[in-house]
Amino acid sequence: MRAHTVIVGAGILGLTLARELLARGGDGIVLLDKEAGPGRHASGRNSGVLHAGIYYAPDTLRAKTCLAGNRLMQAYCLERGLPLSRCGKVIVARSEAELPGLIALRDRALANGATVRLVDERELAEIEPQARTAGQALFSPETAVVDPKAILAALARDVEMSGRARILWNTRAVGPKRPGVLATQAGDIEYQRLANVAGAYADKLAHAFSLGRNYRLVPFKGVYRKLRPQAARLVRGNIYPVPDPRNPFLGIHFTRSLSGEVSIGPTSIPAFGRENYGLLSGLDLEAASILLRDALLFAVNPGFRSVALSEPRKYLSAPFFADASRLLRDLKPEDVVPSDKVGIRPQLVDVKASRLVSDFVPEEGPRELHVLGAISPAFTASMAFAPWLADRLAGLAG
């Protein structure tokens, strides 16, 4: 098979990149994905929150693409008639000690061009009556909630109906056979350009091309619970805590979905497989090497050690409730019930420096572009990140 551009991974980045290339007149585009449909992992299992550029250092790719991507995604939903809730978000301080962190978030958000403002407890009660905070909270009116699966399905239809691109489902990329040829389960594909946006497997494919050797993806499991239907009225939109600056996770929070269900989570529990969604399901031969990697990080990285010691206890109902109840006034233990929602965050690690990487990391070969660390806010950022990726692809030798 021949293609001008091969895109490995039909999650949100693969689909929006294909859409961008088609908008530029591209032809001969082939997407491939090992699953039977789009976004079966991180892209389709996320909370559906469109972030507003609050958390990310201004000089990072995440900061440069998040807010623009939010606005483009909202416009796409309106254009296609896809569900969208412009509900906003509040970030609350669980104690006075977190107020400096709240101010720092405000300043970072404004530097990124976001529309945010500090509110007192009285105004917070008008936005989220049940939210609790220590004097002040940060309000983000541009945060929205969407249906990720509906967006993924619409994008896949856009690509397949173009007549200039095709998607090969149930097709795993194996690696380079020779320059300009990718070996796959469906046979060899000759290409001029290749984009690796394979999510949790992006590092493995990059390594097969002898790139990104200093980076490994370490999986973290995000387990959710939810409010019982009778208690869903406690939350109108999104209630988040001030995040722990020692790690890249946002902490357990509340999100009201388009259906009215309120999710609580996710945890950030070290996982032992790239698809380790259950207690034992998703474990494979890589589990031992992931465990070793976790042990090394535990020994030398204080942020990882903090997560590894505190998060696993949230498998238990009481510690999970204790965390959640710091955000909501009238929450009762019986209001929090199990949820079947679970995701894997493939966190990028610089193994030489033993640090967690907090940005998207592009690695280039002669004809290939590999995107490592495409974690949150990758879904939000995707429509603004896609033109950046298309420009980088166009600059390759081919």
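Residues numbered from 1 in each chain as written. Predicted model: local features only at pLDDT ≥ 70, side-chain atom pairs only at ≥ 80, totals over all residues. Heavy atoms only, no water.

Quick look at the packing of aromatic side chains
Okay, step 1: Taken as a whole and assessed by the stated rule, the structure comprises 5 aromatic pairs.
Okay, step 2: Judged by centre distance (5.8 Å) and plane angle (70 degrees), the ring pair of Phe220 and Phe304 falls under edge-to-face. Here Phe220 is found in strand 14 (residues 215-227), whereas its partner Phe304 is found in helix 9 (residues 302-310), with 84 residues between them in sequence. The same class applies to Phe220 as to Phe304, namely buried.
Okay, step 3: Residue placement shows Arg45 over the ring face of Tyr277; its charged tip is 3.7 Å from the ring centre. (Phe/Tyr/Trp six-rings, centres within 6.5 Å; stacked < 30°, edge-to-face > 60°. Helix = DSSP H or I, 4+ residues; strand = E, 2+ residues; numbered from the N terminus. Buried < 20%, exposed > 50% of the residue type's maximum accessible area, 1.4 Å probe, protein only. Lys NZ or Arg CZ within 6 Å of the ring centre and 35° of its normal.)

With respect to the sheet that holds strand 4 (residues 84-85)
Okay, step 1: The strand order across the open sheet formed by 3 strands is 3-8-4, and the pairing between neighbours is antiparallel. On the outer flanks of this sheet lie strand 3 (49-50) and strand 4, each paired with one strand and no other.
Okay, step 2: Note: strand 4 against strand 8 (residues 144-146), 2 bridges, orientation antiparallel. Each bridged residue has a counterpart across the sheet, and for Leu84 the counterpart in strand 8 is Val146. (Pairing = 2+ DSSP bridges.)

Section: the environment of Phe385
Okay, step 1: Within the fold, Phe385 resides in helix 11 (residues 378-394).
Okay, step 2: Residues Phe385 and Phe139, spaced 246 residues apart in sequence, show a C-alpha to C-alpha distance of 25 Å.
Okay, step 3: What Phe385 contacts, discounting residues up to four positions off in sequence, is Leu13, Leu61, Thr65, Phe360 and Val371. (Contact = heavy atoms within 4.5 Å.)

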